[in-house]
Amino acid sequence: MSVNGRPAATGQAAVDQLLEVLDLDHTGATTFRGVSPAVGPQRVFGGQVAGQALVAAGRTVDPERFVHSLHGYFVRPGDPAEPIDYQVENVRDGRSFSVRRSVALQHDKPIFFMSASFQRQEQALEHQAPTPPDVPGPDDVPTMSDRLARYPERLGIWGQIPRPIDVRYVGEPGWVRPGDRPADPYQRVWMRIDGKLPDDPLLHACALTYASDLTLLDSVLSVHGEVWGPGGLVGASLDHALWFHRSFRADEWFLYDCWSPSASGARGLATGRMFTLDGRHIASAVQEGLLRRVGD
């Protein structure tokens, strides 16, 4: 797939473009400005604005304190042709925790706002739930290119935009043809940033935040064997929460194990856990989204 005859960026080239998107301009003591990729969907991708909001918040916090949770609401669709301004409020700096509120604005109206909490490193109790059993590894499932080759008509804009994340579905993704997706209570996907990231832990957290919005809501459709687009549904993220449990690198493989406990009222709730190849539980996510039949 290409844009103006040039192949869409993948690998390190796409990762470098993602790093540019996450590298906000510092416009004031607690204000920042970000932009969207030159080629993208008709509205700003939710993971992008959440990742940028976390960049803004994190740049106002002591680097010895690491983000452990964020909670955000998507309140208006973002325009990718316009810059996004971020305003950060210092809610509190305590002895162990720092709390920030980061608001994304376009045309002086909020499109997204987030609260994020940062903590100095401490040691105490340690446990985690077991990893999902019998899940094939990333080298044992089809690549995104392999899957897309079967459905060129479903690709649209996604064949043109840069792909900085290597995404490998264990089951069928939500963009296949209607009828091609069996119902599955789980949506499991292997992911990693498809190149090398700098060692900055905040940057890895922001990249993971970006990735966490890619497939989470699709787990609601998976329960019913439904798909996105013609013959299926359209959706939009309403809110997003993410907890970081253990240190990680976003440019190393992690399994995103997602499922949906409930759907009603044209809204679906999705939750997911992220595990490294060696079974460490590094993060958890929860999201509610709006889901409507195409044409409704």
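Residues numbered from 1 in each chain as written. Predicted model: local features only at pLDDT ≥ 70, side-chain atom pairs only at ≥ 80, totals over all residues. Heavy atoms only, no water.

I'd like to hear about the pairing of strand β11 (residues 233-244), residue by residue, with values.
Here five bridges tie strand β5 (residues 65-74) to β11, and the two strands are oriented antiparallel to one another. Bridged to His71 within β11 is Ala241. Relative to strand β14 (residues 281-293), β11 is paired through 11 bridges, and the arrangement is antiparallel. Its bridge partner lying in β14, Leu242 is registered against Ala285. (Pairing = 2+ DSSP bridges. Helix = DSSP H or I, 4+ residues; strand = E, 2+ residues; numbered from the N terminus.)

Any details on helix α1 (residues 11-22)? Residues and values, ideally.
Each full turn of the α-helix corresponds to 3.6 residues, which orients residues three or four apart in the same direction. Its 12 residues place the ends of α1 17 Å apart at the C-alpha level, agreeing with the 16 Å of an ideal helix rising 1.5 Å per residue. Within α1 the residues assigned to the buried category are Gly11, Ala14, Val15, Leu18, Val21 and Leu22. Each buried residue of α1 lies within a common arc of 110° when the element is viewed along its axis, so the set occupies one face. The inward-facing, buried residues of α1 abut α2 (46-58), β10 (186-193) and α4 (201-212). (Expected span 1.5 Å × (residues − 1). Buried < 20%, exposed > 50% of the residue type's maximum accessible area, 1.4 Å probe, protein only. Arc of directions from axis to C-beta. Contact = heavy atoms within 4.5 Å.)

Go over the pattern of salt bridges with me, naming the residues and quoting the values.
In this structure the tally under the stated criterion is 17 salt bridges. We note a salt bridge from Arg33 to Asp85, for which the minimum N-O separation is 2.7 Å. On the criterion of sequence distance, the pair formed by Arg33 in strand β4 (residues 31-34) and Asp85 in strand β6 (residues 84-93) is long-range, its members being 52 residues apart. The exposure class of Asp85 is partly exposed, given its relative accessible area of 28%. (Salt bridge = Lys/Arg side-chain N within 4 Å of Asp/Glu carboxyl O.)

Just give me the short version of the packing of aromatic side chains, but keep the residues and values in it.
Applying the stated criterion across every chain yields a total of six aromatic pairs. Relative to Trp175, the ring of Tyr151 has its centre 6.2 Å away and its plane inclined at 80°; by these criteria the two rings are edge-to-face. Taken together, the residues Tyr151 in the loop between α3 (144-148) and β9 (165-169) and Trp175 in the loop between β9 and β10 connect sequence positions 24 residues apart. For the pair shown, Tyr151 and Trp175 are each scored as buried. Residues Tyr169 and Trp175 carry aromatic rings whose centres are separated by 6.3 Å and whose planes lie at 85° to one another, so their mutual orientation is edge-to-face. Connected via pairs of aromatic rings, a cluster forms that spans Tyr151, Tyr169 and Trp175. The aromatic ring of Tyr186 is capped on one face by Arg188, whose charged end is 4.2 Å from the ring centroid. (Phe/Tyr/Trp six-rings, centres within 6.5 Å; stacked < 30°, edge-to-face > 60°. Lys NZ or Arg CZ within 6 Å of the ring centre and 35° of its normal.)

Before we move on, can you summarise the state of the cysteines with the specific residues and values?
Counted under the stated rule, the structure contains zero disulfides. Here Cys206 stays free of any disulfide, with the sulfur of Cys258 as its closest cysteine sulfur at 20 Å. On the basis of relative accessible area, Cys206 is assigned to the buried category, the value being 0%. (Disulfide = S-S within 2.5 Å.)

Describe the sheet that holds β5, with residues and values.
The strand order across the open sheet built from 12 strands is β3-β4-β6-β7-β8-β5-β11-β14-β13-β12-β10-β9, with neighbouring strands paired in antiparallel fashion. For this open sheet the edge positions go to β3 (25-26) and β9, each flanked by a neighbour on one side alone. Its contacts with the sheet put α2 on β4, β5, β6, β7 (97-106), β8 (109-120) and β11, and the angle it makes with β8 is roughly 50°. (Axes fitted to C-alpha atoms, helices over the stretch in contact; angles between N-to-C directions.)

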